Protein chains: 2
Amino acid sequence: MIALAFRYICRKEVKYMQPSKLPERTVERLSEYRRTLLNSLNKGVTHIYSHNLASIHGITAVQVRRDLMLIGFSSNNKKGYNVRELIDFIGGILDSDHVLNVAVIGMGNLASAITAYFNGKRSKLRIVAAFDVSDKKVGKVISSIPCYHIDDFKEQVRNNNINIVILTLPTQEVDSVCGLVIESGIKGVLNFTSKPLTFPEEAGIYVEDYDIITLLEKVAYYTKG
Amino acid sequence: MIALAFRYICRKEVKYMQPSKLPERTVERLSEYRRTLLNSLNKGVTHIYSHNLASIHGITAVQVRRDLMLIGFSSNNKKGYNVRELIDFIGGILDSDHVLNVAVIGMGNLASAITAYFNGKRSKLRIVAAFDVSDKKVGKVISSIPCYHIDDFKEQVRNNNINIVILTLPTQEVDSVCGLVIESGIKGVLNFTSKPLTFPEEAGIYVEDYDIITLLEKVAYYTKG
C-alpha cells in the first residue's frame, strides 16, 4: 500500500478529481491493457500471462499484477488471465453504466482524425457532434458527425446529452469557449490546445491537457546524445 | 531527494532510457513551463512568480520550485523568475545543440494537423518529411513538407539527417515499418497508433506511445459519477 500511495502522490496535481478514484497512471494503464486484450481476443487468444501483458507494454509483470490487484481482479491461474473476463472486468471499472456522449469543438484536421479513429472502437463513449464557426463546416456532416455553430452549443449539449468535450480549436480562441463549457454543465475536457486550462473548483470539471509539442519535446530530450 | 527518487520510480518503466536523464514527468513539465513562458514573453511579461506558473498549470508552487532546483535554475528574486532567462535555461536542458529533424510516417489528417501545428513553434525541432504509400500523396508537398514513398525511407533519412519519427499510419501497418525504423538508425519514436511498440534494447530507440483513446477513456473515467 505504501508504494501505491506514493504513486498517487506523484501524479496527483491540484486539479479537480473525485475522491476514491484510482490514480491517473493506473487508469491509463488499464485503458492500455484493455486495448491490448481486445486485439488479442480478435486474434483468438483466450488466456494471457501477466509477463506477456507486461512485455507488450514495456513494464514489469509486478506492475501489471499490482494494477489488477488494485481493482480486485484475481482470476490468474496456470493458463494466465482469462482475456474475455479481464476485458469485462476493466470495462466495469473504467466505463460508465450508460453511453457518455462527446463533442468536439473546432472541426479541423485533428478533430477529423480523432473522430474517424475513435468512433466504433468503444461502446460506452461516442463522439456525437462537432462545433465550429466556419460557414464551410457548420450545417455539414463531417467524418460522420453533424457540425453545429458554436452559438448553438448549449442547446445541442442539452439535446444530445453531451458530457465531455474535446478542444481542438486554435489556442487563441480557447478562452472564448470556457464560459460556455461551464454554463452547459460539461464534466470532462480533453484539451489539445497549447493553453493549459483551469476551471473553478465548484464547476467540478476534470481536465486533461495534452499538447503534442510536449510529447515531441520529450522524445527529442531522450533521443539527443 | 527522497521525494524525487520516489517520483522517478513511479514513472520508470522498463524501456530504453539513457542513465543520468531527468524523470519523464519533469521533462513534460519543463516543456509545459516553457510553452507558458513563451506565451507570457509574447505578452510583454518579464518576470513570473513560481505560484503564478503553478496556478496556470494546476500544480503546487513547491512542485515548480523543485523542478527548477532539479535543473539548477535558481535566479528567483523578489520580482519572480526572469522569463527570458528561464526560457533559455530550459532550452539548454531540453534542446539538442543542433536541429533535430523529424519525419512523419502515414500522411493522413493527424499528420497534417501535427505538422501544421508544430512547424515554426520550436527552433531546434523540425518536421522535414512525410512518408506514405498512396499515389495521391507520394511526390506531393502536403502541409508544407514533401511526401515520399515509404520505399525511399532509408535513403531520405540519410539525406535529411532524420533522427525522430512520428507514427500516424494505420495500426495494422505499424509492424511493417518497425524494421525500417531500426535499420535506418532512428533514435526516437512518437507512436500514435493503437499498438504499443518495443524495440530491441541494442537499437537504443526511445519510444513514446500515445493513444488518443486512452486520453479520452481517462477523461471519461474521472467524469462519470
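Residues numbered from 1 in each chain as written. Chains lettered and ligands numbered in written order. Predicted model: local features only at pLDDT ≥ 70, side-chain atom pairs only at ≥ 80, totals over all residues. Heavy atoms only, no water.

Draft legend 1. Local environment of helix α5 (residues 83-94) of chain B. Compared with the 16 Å implied by 1.5 Å per residue over 12 residues, the 16 Å span of α5(B) between its first and last C-alpha is a close match. Of all the residues in α5(B), the buried ones are V83(B), L86(B), I87(B), I90(B), G91(B) and L94(B). For α5(B), the arc enclosing every buried residue in end-on projection is 140 degrees, short of the 170-degree limit, so these residues lie on one face. The inward-facing, buried residues of α5(B) contact α9 (212-223) of chain A together with α2 (24-42), β1 (47-48), α3 (50-57), α4 (61-70) and β2 (81-82) of chain B. N-cap assignment for α5(B): the residue whose side-chain oxygen lies 3.1 Å from the backbone N of R84(B) is N82(B). (Helix = DSSP H or I, 4+ residues; strand = E, 2+ residues; numbered from the N terminus. Expected span 1.5 Å × (residues − 1). Buried < 20%, exposed > 50% of the residue type's maximum accessible area, 1.4 Å probe, protein only. Arc of directions from axis to C-beta. Contact = heavy atoms within 4.5 Å. Polar contact = N/O pair within 3.5 Å; in protein donor to acceptor, adjacent residues only side chain to side chain.)

Draft legend 2. Seen up close, the side chain of E32(A). Residue placement: E32(A) occurs in helix α2 (residues 24-42). E32(A) has contacts with H57(A) and T214(B), leaving out every residue within four places of it along the chain.

Draft legend 3. Structural context of the environment of N109(A). Here N109(A) is to be found in helix α6 (residues 109-118). In sequence terms N109(A) and T168(A) are 59 residues apart; their C-alpha atoms lie 9.0 Å from each other. Non-local contacts of N109(A), meaning those with residues more than four positions away in its chain, are made with N109(B), S112(B) and A113(B).

Draft legend 4. Highlighting unusual backbone geometry. For N161(A), which is not a glycine, the phi torsion comes out positive at approximately 50 degrees. For N161(A), a relative accessible area of 48% puts it in the partly exposed group.

Draft legend 5. Spatial organisation of the relation of the copies chain B and chain A. Least-squares fitting of chain B to chain A yields an RMSD of 0.0 Å, with the superposition described by an axial translation of 0.0 Å and a rotation of 180 degrees. Here the copies are linked by what is in effect a two-fold axis. The share of interface residues of chain B whose copies in chain A are also at the interface is 100%, consistent with both copies meeting through the same surface. (Least-squares fit on C-alpha atoms with pLDDT ≥ 70 in both.)

Draft legend 6. Structural view of the confidence of the model for chain A. Per-residue pLDDT for chain A has a mean of 87; in total, 91% of the residues score no lower than 70. Counting interchain partners and residues more than four positions distant, the pLDDT-below-50 stretch residues 1-15 of chain A has 34 contacts. (pLDDT = per-residue confidence, 0-100.)

Draft legend 7. Up close: the packing of aromatic side chains. Per the stated rule, a full pass over the model turns up 13 aromatic pairs over all chains. Between Y221(A) and Y222(A) the ring centres are 4.9 Å apart and the planes differ by 80 degrees, which places this aromatic pair in the edge-to-face class. For Y221(A), a relative accessible area of 5% gives the class buried. Relative to F153(B), the ring of F131(B) has its centre 4.9 Å away and its plane inclined at 70 degrees; by these criteria the two rings are edge-to-face. A residue pair is termed long-range when its members are at least 10 positions apart, and F131(B) in strand β4 (residues 125-132) and F153(B) in helix α7 (residues 153-160) qualify at 22 residues. With respect to burial, F131(B) and F153(B) carry one shared label: buried. Ring pairs connect the aromatic residues F73(A), Y81(A) and F89(A), which therefore count as one cluster. Sitting above the plane of the Y221(B) ring, K21(A) keeps its charged end 4.4 Å from the centroid. (Phe/Tyr/Trp six-rings, centres within 6.5 Å; stacked < 30°, edge-to-face > 60°. Lys NZ or Arg CZ within 6 Å of the ring centre and 35° of its normal.)

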